[in-house]
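Chain and residue survey
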Amino acid sequence: HTRLRRDWSSDVCSSDLTRIEELIGPLFDPVQFFPDFNPECFDKHRDWLYPDHVDQKTGRIIASMHAWLIETSHHKILIDTCIGNDKQRMPYRDWHEMQTPWLSNLAKAGVAPSDIDYVMCTHLHVDHVGWNTRLEDGQWVPTFPNAKYIFSKEEYEFWKTQRARKDPDTFAGVNNQTFDDSILPIMHLAELVEGEIELISDLLAIRPAPGHTPGSVAIELTDNGELGIFTGDICHHPIQVVEPTWNSAFCEIPDLARTTRAQILARCQDHNALMFPAHFGPGFAGHIRGNDSGFMIDFG
C-alpha cells in the first residue's frame with residue numbers, strides 16, 4: 001500500500017488516506033481504450049507521461065487498480081473495491097479468477113475487513129465492486145460484514161435493468177456476472193442514495209457525476225477547509241486532464257461524460273482540491289491547475 005503524505009485534520013476529526021493496491025502496470029492499449037486517441041498527443045506530453053503513465057516499451061497506458069481507505073477518529077471508509085479474487089471474468093483472462101494480496105495490503109494498513117464502517121462505490125463497473133464480496137464455502141459473502149455499502153440508486157437500477165436483458169455483448173456479460181457475485185450478495189447491507197447527500201457530520205458528500213455510467217458519483221472529503229474529491233472513472237488516465245474531451249471506450253453516455261469531466265476538473269481547480277482518481281499511476285493523486293490550453297495535473 002502507499003500512504004499519502006497528507007493528513008486531513010480538524011478540531012473534530014483527523015482523516016488519514018491510504019491507497020490499497022490490487023495491481024498496477026501497463027494494462028491497456030491506448031488505441032483501443034480511447035476512441036479519440038492521437039499518438040501525437042502522447043508525444044507532445046512525453047516529458048511527464050513517460051514512464052509513470054505510459055510504458056516505454058509497449059506504449060500501453062499504466063493503470064492502477066486500487067481502493068482508497070479513509071480513516072477518521074471514528075470511522076474507516078473504503079472507496080471502490082477493485083476487481084476481487086476468484087471472480088469469473090472471462091473473456092477478460094487477466095482478471096479471471098485473480099489471486100492478489102489485496103486483503104493483505106489492507107491488513108498492512110492496520111485494518112481488518114470487520115473494521116470497515118462504510119464501503120462507497122463511485123459506480124458499479126467490474127473493477128470497482130469486486131472486493132465487496134469474497135468466496136467462502138462456495139458462496140459469495142460480504143467481505144466487510146459490519147459495513148454499510150453505499151452507492152447510487154440510479155446506478156443500481158441501471159445495472160439491474162441491464163442484468164434482466166441478458167445482453168450477450170462481452171462487456172455487458174461481464175457486468176451481469178459482476179452484478180450477481182458482487183452486488184446482489186451485499187444488498188441487505190446496502191443503502192441506495194439519490195441526488196446530493198452529506199454523511200458523517202458533513203465530512204463526506206456524494207455528488208452525482210453521470211456520464212461514465214448513468215449513476216456515477218464523485219465523493220468529496222472536506223476537513224479543516226481542505227477538499228479532496230474521489231473521482232472514480234471520470235478520468236481513467238492523466239492524459240484526460242489535458243485532453244478532457246477524450247472518453248474511454250467504456251463511457252456509457254459519451255457527451256455527458258465529457259461535460260461531467262470538465263465540470264469536475266474545474267471544481268478541483270477552483271477549490272484547490274486534491275483529486276483522487278481510481279486508476280492513475282504513480283503520483284496517484286494530484287491538484288488540477290489551469291494553463292493556457294486548459295488543465296494540467298500537479299502530482300507534487
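For the structure, see preceding data.
A few points on the structure.

**What to know about the side chain of Glu220**
- If you trace the backbone, Glu220 turns up in strand β12 (residues 217-223).
- Glu220 gets classed as buried once you look at its relative accessible area, which sits at 4%.
- For Glu220, the side chain forms a polar contact with the side chain of Arg267, separated by 2.7 Å.
- Ignoring any residue separated from it by four or fewer positions in sequence, one finds Glu220 in contact with Leu203, Leu204, Ala205, Arg207, Leu227, Gly228, Ile229 and Arg267.

**Regarding the packing of aromatic side chains**
- Under the definition given, this model contains 17 aromatic pairs.
- With a centroid separation of 6.0 Å and an interplanar angle of 70°, the aromatic rings of Phe37 and Trp246 are classed as edge-to-face. Taken together, the residues Phe37 in the loop between α1 (30-33) and α2 (39-44) and Trp246 in the loop between α8 (239-242) and α9 (254-270) connect sequence positions 209 residues apart.
- Between Phe151 and Tyr156 the ring centres are 6.5 Å apart and the planes differ by 40°, which places this aromatic pair in the tilted class.
- Relative accessible area serves as the criterion here: at 1%, Phe151 is assigned to the buried category.
- Using a relative accessible area of 10% as the deciding quantity, one classes Tyr156 as buried.

**Description of the sheet that holds strand β14 (residues 274-277)**
- Read from one edge to the other, the open sheet built from seven strands follows the order β10-β11-β12-β13-β14-β15-β16, with strand pairing classed as mixed. The open sheet is flanked by β10 (197-199) and β16 (294-298), the only strands paired with a single partner. Taking each pair of neighbouring strands and ignoring which way they run, the sheet shows an average axis angle of 30°.
- Alignment of strand β15 (residues 286-291) against β16, held across five bridges, turns out to be antiparallel. Along β16, the bridge assignment pairs Gly290 with Phe295.

**A look at the nonpolar core**
- Of all hydrophobic cores here, the largest spans 24 residues; its most connected members are Trp102 and Phe144.
- Residue assignment for this core shows that the elements contributing at least two residues are β3 (61-71), α4 (102-108), β8 (148-152), α6 (153-165) and α7 (170-183).
- Of all hydrophobic cores here, the second largest spans 22 residues; its members include Leu17, Ile200, Phe230 and Phe276.

**A look at the pattern of salt bridges**
- The full count for this structure, using the stated rule, is 14 salt bridges.
- Note that Arg19 and Glu21 form a salt bridge whose closest N and O atoms lie 2.6 Å from each other.
- Here Glu21 falls in the partly exposed class, since its relative accessible area comes to 21%.
- Residues Arg258 and Asp255 are paired through a salt bridge, measuring 3.0 Å at the closest nitrogen-oxygen approach. Remark: Asp255 and Arg258 occur in helix α9; sequence separation between them is three residues, near one turn of the helix.

**Comments concerning α6**
- Between the first and last C-alpha of α6 there are 19 Å, a value that for 13 residues agrees with the 18 Å anticipated at 1.5 Å per step.
- When α6 is considered as a whole, its buried residues turn out to be Glu155, Tyr156, Trp159 and Gln162. Down the axis of α6, the buried side of the element spans an arc of 130°, and every buried residue falls inside it. More than 90 degrees from the buried face of α6, the exposed residues found are Glu154, Ala164 and Arg165.
- You can read the cap of α6 off the contacts: a side-chain oxygen lies 3.2 Å from the backbone nitrogen of Glu154, and it is on Ser152.

**What about the environment of Asn176?**
- Mapped onto the elements of the fold, Asn176 is located in helix α7.
- Residue classification places Asn176 among the buried positions, given a relative accessible area of 6%.
- A sequence separation of 106 residues divides Asn176 from Ile70, and the C-alpha atoms of the two residues are 29 Å apart.

**Some details on α9**
- With 17 residues, α9 should cover 24 Å at 1.5 Å per step; its first-to-last C-alpha distance of 24 Å lies within 8% of that length.
- Of all the residues in α9, the buried ones are Ala257, Thr260, Arg261, Ile264, Leu265 and Cys268. In a view along the axis of α9, the buried residues occupy a sector of 130°, so they form one face of it. Structural note: α9 exposes Asp255, Gln263 and Asp270 on the side pointing more than 90 degrees away from its buried face.

Rules and cut-offs
Residues numbered from 1 in each chain as written. Predicted model: local features only at pLDDT ≥ 70, side-chain atom pairs only at ≥ 80, totals over all residues. Heavy atoms only, no water. Helix = DSSP H or I, 4+ residues; strand = E, 2+ residues; numbered from the N terminus. Buried < 20%, exposed > 50% of the residue type's maximum accessible area, 1.4 Å probe, protein only. Polar contact = N/O pair within 3.5 Å; in protein donor to acceptor, adjacent residues only side chain to side chain. Contact = heavy atoms within 4.5 Å. Phe/Tyr/Trp six-rings, centres within 6.5 Å; stacked < 30°, edge-to-face > 60°. Pairing = 2+ DSSP bridges. Axes fitted to C-alpha atoms, helices over the stretch in contact; angles between N-to-C directions. Core = buried A, V, L, I, M, F, W, Y, C linked by side-chain atoms within 4.5 Å. Salt bridge = Lys/Arg side-chain N within 4 Å of Asp/Glu carboxyl O. Expected span 1.5 Å × (residues − 1). Arc of directions from axis to C-beta.

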